[in-house]
Amino acid sequence: MGEETKAPVTCDVCPHACRLQEGQLGFCRARVCKDGKVVPANYGRLTSIALDPIEKKPLSDYMPGTTVLSVGSYGCNLRCPFCQNWIISQKGENGVRWTSLSPIELVASAQGLQAQDPYVIGIAYTYNEPLVSWEYVRDCSILAHQAGLKNILVSNGCASAPIINELAPLIDAANIDLKGADEGFYKTCFGDLETVKETIRILAATPTCHLEVTTLIVPGMNDTDEDIESIAKWLSELPTEGDPITLHITRFFPRWQMEDKEPTPVKTVYHLADVARRWLPNVNVGNC
């Protein structure tokens with residue numbers, strides 16, 4: 001008799017709920033079924049590492065003037081056709097160069113940089129979608145807090161509530177993409193609007209987490225007054241434990257599957273920022 005085929009295992013990280021056979025990668029290209037469990041194949045595999053101004057995350061209202069050690073891996077659980085970081089987010093381990101860095105090594109690197117420059121405040125998990133390897137974010141964040149460092153999360157927010165609840169006390173500041181105002185937009189990106197909204201709700205209600213939100217304005221997809229008013233009004237009505245939520249309205253540039261499109265007109269970005277200011281006190285424009 002041949003070997004018994006193991007039943008597929010369901011990944012519980014995001015709404016895709018991939019059912020994976022042994023050795024199979026999920027939709028995100030970063031999680032794999034190994035020994036009957038779904039684990040992050042990209043754990044500690046960094047494709048990008050840089051020292052960035054915190055404003056670049058973007059975070060405009062959290063410790064301005066400081067810098068963070070920014071790290072990213074590969075893989076993403078969305079397929080936004082306009083992805084700005086598609087070279088790493090839409091690739092698996094064989095499509096990118098990566099180097100392995102354990103949580104201990106990453107935190108030590110951040111501490112070394114802080115010793116040279118006190119304006120270095122911590123670590124940002126960014127570039128690709130960090131939550132497809134949320135265990136790495138968790139493990140690094142615990143050690144970072146023990147070392148007196150801050151944790152910054154830049155994410156699409158499309159992760160299950162139990163994961164966000166576990167991470168929320170470890171995250172000092174976050175910027176979450178709210179890509180569109182309706183489920184149809186998210187279907188284009190293979191995401192789920194309600195999951196993202198729940199992430200934003202949880203982080204907004206976490207007293208130790210400063211929250212900002214970014215909406216990239218893509219012509220013909222989410223660039224109407226109604227789109228932005230819906231987003232801004234919803235954010236303004238959320239109960240928060242800290243400062244009001246800051247919204248970033250940013251300009252699209254042609255990338256990945258939308259290289260044939262024109263950039264968002266600058267006047268559109270500024271106009272939509274004014275629309276958002278009817279509901280929110282803190283609205284910034286970006287990429288202009």
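Refer to the structure presented above.
Residues numbered from 1 in each chain as written. Predicted model: local features only at pLDDT ≥ 70, side-chain atom pairs only at ≥ 80, totals over all residues. Heavy atoms only, no water.

Undergrad: Just to check I follow, could you spell out the packing of helix α7 (residues 225-236) against helix α8 (residues 266-276) for this structure?
TA: Helix-helix packing is characterised by the crossing angle of the two axes and by the distance between the axes. Interaxial distance between α7 and α8 falls to 8 Å at its minimum, and their mutual angle equals 40°. With respect to α8, the axis of α7 lies oblique. In this structure, the crossing between α7 and α8 has a hand that is right-handed. Between α7 and α8, the contacting residues are D225, I228, E229 and A232 on the first element and H271, L272, V275 and A276 on the second. Of the residues belonging to the contact of α7 with α8, the class tally is five nonpolar, one polar and two charged. (Axes fitted to C-alpha atoms, helices over the stretch in contact; angles between N-to-C directions. Helix = DSSP H or I, 4+ residues; strand = E, 2+ residues; numbered from the N terminus. Parallel < 35°, antiparallel > 145°, perpendicular 65-115°, else oblique. Left-handed = near helix turned anticlockwise from the far one by under 90°. Contact = heavy atoms within 4.5 Å. Nonpolar A, V, L, I, M, F, W, Y, C, P; charged D, E, K, R; others polar.)

Undergrad: How should I be thinking about the packing of aromatic side chains in this particular structure?
TA: Two descriptors summarise a pair of aromatic rings, namely the distance from one centre to the other and the angle between the planes of the rings. Taken as a whole, this structure holds four aromatic pairs when the rule is applied. Taking the centre distance of 5.8 Å and the plane angle of 35° together, the rings of F27 and F190 count as tilted. Taken together, the residues span a long stretch of sequence, with F27 in the loop between β2 (19-20) and β3 (31-34) and F190 in the loop between α5 (183-188) and α6 (193-204) at a distance of 163 residues. Note on F27: relative accessible area 25%, which makes it partly exposed. (Phe/Tyr/Trp six-rings, centres within 6.5 Å; stacked < 30°, edge-to-face > 60°. Buried < 20%, exposed > 50% of the residue type's maximum accessible area, 1.4 Å probe, protein only.)

Undergrad: Even after reading the chapter, I still don't get the state of the cysteines, so can you show me in this structure?
TA: By definition, a disulfide links two cysteine residues through a covalent bond between their sulfur atoms. This structure, assessed with the given rule, holds zero disulfides. The cysteine C11 is free of any disulfide, with C18 supplying the nearest cysteine sulfur at 6.3 Å. Of the cysteine sulfurs around C209, a residue in no disulfide, the closest is that of C140, at 17 Å. Exposure remark for C209: the relative accessible area of 8% places this residue in the buried category. (Disulfide = S-S within 2.5 Å.)

Undergrad: Before we go on, may I ask you to explain empty space enclosed by the protein in this structure?
TA: To find leftover empty space, one rolls a probe the size of a water molecule over the atoms. Enumeration over the complete set of coordinates arrives at two cavities of 30 Å³ or more. Estimated volume of the largest cavity: approximately 110 Å³. Lining of the largest cavity is provided by 14 residues; of these, G72, S73, N128, P130 and Y136 occupy positions nearest its centre. Among the elements of the structure, β5 (45-46), β7 (67-72) and α3 (134-146) are those that each provide at least two residues to the lining of the largest cavity. Residue composition of the lining of the largest cavity, by class: six nonpolar, seven polar and one charged. Taken as a whole, the second largest cavity encloses approximately 90 Å³ of empty space. What lines the second largest cavity is a set of 13 residues, among which C11, C14, C18, C28 and R31 lie closest to the centre. Considering only residue class, the lining of the second largest cavity consists of nine nonpolar, three polar and one charged. (1 Å grid on protein atoms, 1.4 Å probe; cavity = no way out; pocket = protein on both sides within 12 Å on 5 of 7 lines; lining within 4 Å. Points joined across faces, edges and corners; volume = space filled by probe spheres on them.)

Undergrad: Please clarify how the layout of surface pockets should be interpreted in this entry.
TA: In this structure, the largest pocket spans a volume of roughly 920 Å³. Around the largest pocket, the lining is made up of 33 residues, and of these K57, Q84, N85, V154 and D177 lie nearest the centre. Only β10 (150-155), β11 (173-177), β12 (210-217) and β13 (246-251) provide two or more residues apiece to the lining of the largest pocket. Per-element tally for the lining of the largest pocket: the top contributor is β12, with three residues. Split by residue class, the lining of the largest pocket holds eleven nonpolar, 16 polar and six charged.

Undergrad: Help me out: how do you make sense of helix α2 (residues 103-116) in this one?
TA: For an α-helix, 3.6 residues make a turn, and residues three or four places apart therefore share a direction. Here α2 spans 20 Å end to end across 14 residues, near enough to the 20 Å set by a 1.5 Å rise per residue. Within α2 the residues assigned to the buried category are P103, L106, V107 and A110. Looking down the long axis of α2, one finds its buried residues gathered within 95° of arc, a one-sided arrangement. Within α2, the exposed residues directed more than 90 degrees away from the buried face are I104, A115 and Q116. Residues of α2 that are buried sit in contact with β7, β9 (120-125) and α3. (Expected span 1.5 Å × (residues − 1). Arc of directions from axis to C-beta.)

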